[in-house]
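# Commentary on secondary and tertiary structure
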Amino acid sequence: MRVLFAAGLIIVLFSPTLFALPKYLEAFKKNYLEAAGTKLADCAICHPVKGKMKEQSLFAQDFKKAGHDFAKIVGLDSDKDRFTNFEEIVAVTFPQDKTDLPDIPAMVKQIKELEREVDGLKAKLKK
Ligand SMILES: [Ca+2]
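Residues numbered from 1 in each chain as written. Predicted model: local features only at pLDDT ≥ 70, side-chain atom pairs only at ≥ 80, totals over all residues.

## Some remarks on the overall build of the protein chain
The condition that has to hold: Working definition: helices are DSSP H or I runs of at least four residues, strands are E runs of at least two. Numbering for both runs from the N terminus. Residues with at least 20 neighbouring C-beta atoms inside 10 Å of their own are called buried, those with 12 or fewer are called exposed, and the rest are partly exposed, where every C-beta is derived from the backbone. Residue pairs qualify as contacts under a 7 Å threshold applied to their C-beta atoms, which are placed from the backbone.
Tallying secondary structure elements over the protein chain gives five helices and zero strands in all. Ordered by position from the N terminus, the helices and strands of the protein chain form the series α-α-α-α-α. By residue count, 17% of the 127 residues in the protein chain fall in the buried class. Contacts spanning at least 24 positions in sequence make up 23% of the contacts within the protein chain whose residues lie at least 6 apart.

## Looking at the nonpolar core
This is how it is decided: Buried Ala, Val, Leu, Ile, Met, Phe, Trp, Tyr and Cys residues form a nonpolar core when they are connected through C-beta atoms within 7 Å.
Among the nonpolar cores identified, the biggest contains 12 residues, and these are Phe28, Tyr32, Leu40, Ile45, Cys46, Leu58, Phe59, Ala60, Phe63, Ile73, Ile89 and Phe94. In terms of residues, this core owes the most to one element, helix H3 (residues 58-65), which gives four residues. Among all residues touching Cys46, those that are not within four sequence positions of it are Tyr24, Gln56, Ser57, Phe59 and Ala60.

## A short note on unusual backbone geometry
The residue His68 is not glycine, and still its phi comes out positive at about 60°. For Val92, which is not a glycine, the phi torsion comes out positive at approximately 55°. Residue classification places Val92 among the partly exposed residues on the basis of 17 C-beta atoms within 10 Å.

## A word on the confidence of the model for the protein chain
The condition is simple: The pLDDT value tells you how sure the predictor is about a given residue, anywhere from 0 up to 100.
Summing up the model confidence of the protein chain, the mean pLDDT is 86 and the portion of residues at 70 or higher is 83%. Ranking the elements of the protein chain by mean pLDDT puts helix H1 (residues 2-13) last with 56 and H3 first with 96. Note that pLDDT drops below 50 for residues 11-19; the model gives that stretch one contact with residues more than four away or on any other chain.

The following block contains the structure:
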């Protein structure tokens with residue numbers, strides 16, 4: 001019995017599959033602070049089928065191909081929905097789900113608000 005327990009413990013402790021996931025999820029949260037408290041900060045971003053951790057999303061596949069470097073995949077469109085992974089993450093839509101798209105009117109509104117903020121800051125600098 002002890003041998004079986006020890007063998008199981010060794011398998012769990014040294015399985016890269018089991019321990020890679022929380023590590024990459026934590027890295028995702030650190031790379032995309034704005035996404036940390038959203039639906040994106042979940043295992044589903046890389047493993048879309050609940051309970052099937054071996055299945056990887058298109059985003060996860062791109063992440064793996066890029067040597068687990070988020071900076072190399074921000075400009076990619078993993079799910080081929082015409083929005084880059086960065087645009088999707090900022091808009092809090094899944095970069096691996098082509099049916100989950102950014103709300104364009106909301107993005108335009110957000111850009112206009114940012115432009116007004118920038119204009120306000122520029123005006124303050126001129127004073
Ligand atoms: Ca999408």
